[in-house]
Amino acid sequence: MSRRPAPPSTNSDVTRPGEWCRALGLALDGESRADVLLAGADIDYLLSFRDAVAVAPNDRADVALFLRDALLELSPDGSLEPKQAMSRARVLRMVARTLDARGLLALQKATARPSVNGALVLRAVGRGADRSFSVALDAFLFRAFGERAYPALARRCRRQPVVYHANAQGQIDYLEVRPAANGAASDRFSPFSHWTTTLTAAQVVGRLFSGPAAKIGALADLRVAERGASRRATDLEIIGTGGTAHVRGGRVRSALGLREQLFVIEQELR
């Protein structure tokens, strides 16, 4: 007779990303497999995001595995926030994706249609027929913005792509609304709208200290001196130990090698 593995012991910290990945892996497999499936170099590569140093050593392999399989995502700014508790929406979304990846929960893709008599009408991807659903009282309803999910109302999702699951009674018990690929909400979270570029002082000097800036001495500071009506930088002031210089207009983006001219500068002291 086989014995079921004992459930993992948990505490209030289990809602943090690292502890949650480890607990979910143990709950599904009864043992930790991440450090067996991933080599040390793979773990280091997958955990190369900005705040990976805050992931506890015991959780690194589990976090890396869930990131590799796209079951856990980073925030739009490229961070994981390992010390922060995960929201209920983020936890449930991760559980749904993990179960679906293992064939334990069949998530369906569809487009929401105008509701009829209070019923949720969905048109499955690849099939032209509409189908009406009622929504279970205990359903989990979320709207995705970028890599984050937030509670949503089913009646406000018409004409938008959704991922859903129906229970044995044919009721929707999980529904995730995703912004249309060509919509404004999706554009706001594209890699060209939310991005981070890290430049060392030497790289800034190499890109900016030519022409007039070559005569202002060593780099002391860098700041946006002026912005246009769209809040894009139109005047970048380079402050040196022997004076100041300016890069203006469209040259701001090309000089620094940035994706866009709508940015802020944050200095990181080492």
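Residues numbered from 1 in each chain as written. Predicted model: local features only at pLDDT ≥ 70, side-chain atom pairs only at ≥ 80, totals over all residues. Heavy atoms only, no water.

Observations concerning the overall build of the protein
Along the protein, the regular secondary structure elements total 8 helices and 10 strands. Looking at the protein alone, contacts between residues at least 24 apart form 51% of all its contacts between residues at least 6 apart. (Helix = DSSP H or I, 4+ residues; strand = E, 2+ residues; numbered from the N terminus. Contact = heavy atoms within 4.5 Å.)

Considering the pattern of salt bridges
Across all of its chains, the model carries 14 salt bridges by this definition. When the shortest N-O distance is used, the salt bridge between Asp130 and Arg123 registers 2.7 Å. Put simply, Arg223 and Glu237 hold a salt bridge, and the shortest N to O gap is 2.6 Å. Taken as a pair, Arg223 in strand 8 (residues 219-227) and Glu237 in strand 9 (residues 233-240) lie far apart in primary sequence, 14 residues in all. Residue Glu237 is classed as buried on the basis of its relative accessible area, which comes to 11%. Shared partners join several salt bridges into a network, and the residues in it are Asp29, Glu31, Arg33 and Arg102. (Salt bridge = Lys/Arg side-chain N within 4 Å of Asp/Glu carboxyl O. Buried < 20%, exposed > 50% of the residue type's maximum accessible area, 1.4 Å probe, protein only.)

Re the side chain of Glu176
Checked against the element boundaries, Glu176 lands in strand 7 (residues 172-177). Note on Glu176: relative accessible area 2%, which makes it buried. Separated by 3.0 Å, the side chains of Glu176 and Arg93 make a polar contact. Looking at Glu176, its side chain comes within polar contact range of the side chain of Tyr174, at 2.9 Å. Among residues more than four places away in sequence, those in contact with Glu176 are Arg93, Arg97, Phe142, Ala144, Pro161, Val162 and Val163. (Polar contact = N/O pair within 3.5 Å; in protein donor to acceptor, adjacent residues only side chain to side chain.)

Re helix 5 (residues 88-101)
Here helix 5 is 14 residues long and its end C-alpha atoms lie 20 Å apart, about the 20 Å a rise of 1.5 Å per residue gives. The complete set of buried residues in helix 5 reads Ala89, Arg90, Val91, Leu92, Arg93, Met94, Ala96, Arg97 and Thr98. Where helix 5 ends, the next residue or the one after it, Gly103, has phi of about 75°, a positive value. (Expected span 1.5 Å × (residues − 1).)

Some remarks on the environment of Gly18
Structurally, the position occupied by Gly18 is in helix 1 (residues 17-29). Looking at Gly18, the relative accessible area reads 4%, which means it is buried. Filtering out sequence-adjacent residues up to four positions away, Gly18 remains in contact with Asp59 and Val63.

Details of the pairing of strand 10 (residues 243-248)
The side chains of a regular strand alternate, residue by residue, between the two faces of the sheet. Here 6 bridges tie strand 9 to strand 10, and the two strands are oriented antiparallel to one another. Pairing of Glu237 across the sheet is with His246, part of strand 10. As consecutive antiparallel partners, strand 9 and strand 10 are separated by 2 residues. (Pairing = 2+ DSSP bridges.)

A closer look at the packing of helix 1 against helix 4 (residues 60-68)
One can describe the packing of helix 1 onto helix 4 by two numbers: an axis separation of 8 Å at closest approach and a directional angle of 80°. Classified by the angle between their axes, helix 1 and helix 4 sit roughly perpendicular to one another. Here Pro17, Gly18, Cys21, Arg22, Leu24 and Gly25 of helix 1 come into contact with helix 4, specifically with Asp62, Val63 and Phe66. Split by residue class, the contact of helix 1 with helix 4 holds 5 nonpolar, 2 polar and 2 charged. (Axes fitted to C-alpha atoms, helices over the stretch in contact; angles between N-to-C directions. Parallel < 35°, antiparallel > 145°, perpendicular 65-115°, else oblique. Nonpolar A, V, L, I, M, F, W, Y, C, P; charged D, E, K, R; others polar.)

Considering the packing of helix 1 against helix 5
Helix-helix packing is described using two parameters, namely the angle between the two axes and the distance between the axes. Between helix 1 and helix 5, the least distance of the axes is 12 Å, while the angle of their chain directions is 35°. Here helix 1 and helix 5 pass one another in a crossing that is right-handed. Contact with helix 1, carried on its side by Pro17, Trp20, Cys21, Leu24 and Leu28, involves Arg90, Val91, Met94, Val95, Thr98 and Leu99 of helix 5 and no other residues of that element. Classifying every residue of the contact of helix 1 with helix 5 by side-chain character gives 9 nonpolar, 1 polar and 1 charged. (Left-handed = near helix turned anticlockwise from the far one by under 90°.)

Brief notes about the confidence of the model for the protein
Within the protein, residue pLDDT values average 80, and 82% of them lie at 70 or more. Taken element by element, the predicted model of the protein shows its lowest mean pLDDT in helix 6 (residues 184-188) (44) and its highest in helix 4 (93). Note on residues 182-192: pLDDT under 50 across the span, and 15 contacts to partners over four residues away in sequence or across chains. (pLDDT = per-residue confidence, 0-100.)

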